[in-house]
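Here is what each chain is made of, one letter per residue.
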Amino acid sequence: MEKYEEAAKSLRKSMKGIGTDESRLIKEIVNHSNSERQSIKEIYLTMYGKTLEESIKSEISGNFLEGVLALLEPVEKYEAKCLRKALKALNTNEKILIQTLCPKEAYEIENLKLVYNTTYERSLEKDIVTECSGYLGRLLRSVVSCGRSENYRIDFSLAKKEAQELYDVKLDQLKKNVISFK
């Protein structure tokens, strides 16, 4: 707790007086995890009577501001915002959907769906059905339905067998290519 109070004081000091100490601001924000930043935000509000975001908005601008504010948001809320923006765009930003959804575990997607549905009073699954078609749409609907297995048991003998089969096929192809060039 004391660590977070010190961080809140340091953040306040970085914005006190004429100009902003951007280096100190960056240091305090990036040297803490997202959950620690959430605690720092609460303490800052208690100590100074205004949100950390309000203070920062009065000091910096542009892409730097956008980056700092993104770091101050809870991860799921930020990702839900990115998904909504990607789905709302005139041309759906499929790259953002892929980057945000595909690497996630099923429980992470469930949390993200809950935040999205609560924040926007919309169903993430329905929005994906509406906005994404074709094979990519099918892939994303499948990912969001959380039907992936959480079983991470690796069958090493099967992996070795399949690797050997792939190697043999490739070796046969190489032999045929060499013969055809003679």
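Before reading further, recall that the structure is shown in the block above.
Presented here is an overview of the structure given in this document. (Residues numbered from 1 in each chain as written. Predicted model: local features only at pLDDT ≥ 70, side-chain atom pairs only at ≥ 80, totals over all residues. Heavy atoms only, no water.)

## Topic: the state of the cysteines
Covalent bonding between the sulfur atoms of two cysteines is what defines a disulfide. A complete count under the given rule lists zero disulfides for this structure. Between cysteine 132, a free cysteine, and cysteine 102, which holds the nearest cysteine sulfur, the sulfur-to-sulfur gap is 11 Å. (Disulfide = S-S within 2.5 Å.)

## Some thoughts on the pattern of salt bridges
What the rule picks out here adds up to 12 salt bridges. Among the salt bridges present, the one from glutamate 6 reaches lysine 9, with a minimum N-O distance of 3.9 Å. Taken together, the positions of glutamate 6 and lysine 9, both in helix α1 (residues 2-15) and three residues apart, correspond to about one turn of that helix. Taking the relative accessible area as the measure of exposure, glutamate 6 reaches 43% and is therefore partly exposed. On the accessibility criterion, lysine 9 (40% relative accessible area) is partly exposed. Residues glutamate 73 and lysine 81 are paired through a salt bridge, measuring 2.8 Å at the closest nitrogen-oxygen approach. (Salt bridge = Lys/Arg side-chain N within 4 Å of Asp/Glu carboxyl O. Helix = DSSP H or I, 4+ residues; strand = E, 2+ residues; numbered from the N terminus. Buried < 20%, exposed > 50% of the residue type's maximum accessible area, 1.4 Å probe, protein only.)

## A look at the packing of helix α7 (residues 94-101) against helix α10 (residues 134-144)
Two numbers describe how α7 lies on α10: the axes approach to 11 Å, and their chain directions differ by 30°. Taken together, the axis directions place α7 and α10 in an arrangement best described as roughly parallel. Pair α7 / α10 crosses with left-handed handedness. Contacts between α7 and α10 involve Glu94, Leu97, Ile98 and Leu101 on the former and, on the latter, Leu136, Leu140, Val143 and Val144. Here the residues of the contact of α7 with α10 are counted per class, giving seven nonpolar, no polar and one charged. (Axes fitted to C-alpha atoms, helices over the stretch in contact; angles between N-to-C directions. Parallel < 35°, antiparallel > 145°, perpendicular 65-115°, else oblique. Left-handed = near helix turned anticlockwise from the far one by under 90°. Contact = heavy atoms within 4.5 Å. Nonpolar A, V, L, I, M, F, W, Y, C, P; charged D, E, K, R; others polar.)

## Some points on the packing of aromatic side chains
All told, the structure shown has two aromatic pairs when counted by the stated rule. With a centroid separation of 4.8 Å and 55° between ring planes, the pair formed by tyrosine 44 and tyrosine 48 is classed as tilted. On the criterion of helical spacing, the pair formed by tyrosine 44 and tyrosine 48 is a turn pair, its members being four residues apart in helix α3 (residues 34-48). Judged by relative accessible area, tyrosine 44 falls into the buried class, the value being 0%. Where tyrosine 116 meets tyrosine 120, the ring centres are 5.4 Å apart and the plane angle is 55°; that geometry is what we call tilted. Of this pair, tyrosine 116 and tyrosine 120 both sit in helix α8 (residues 106-120), four residues apart, which is roughly one turn of the helix. What makes tyrosine 120 partly exposed here is its relative accessible area of 27%. (Phe/Tyr/Trp six-rings, centres within 6.5 Å; stacked < 30°, edge-to-face > 60°.)

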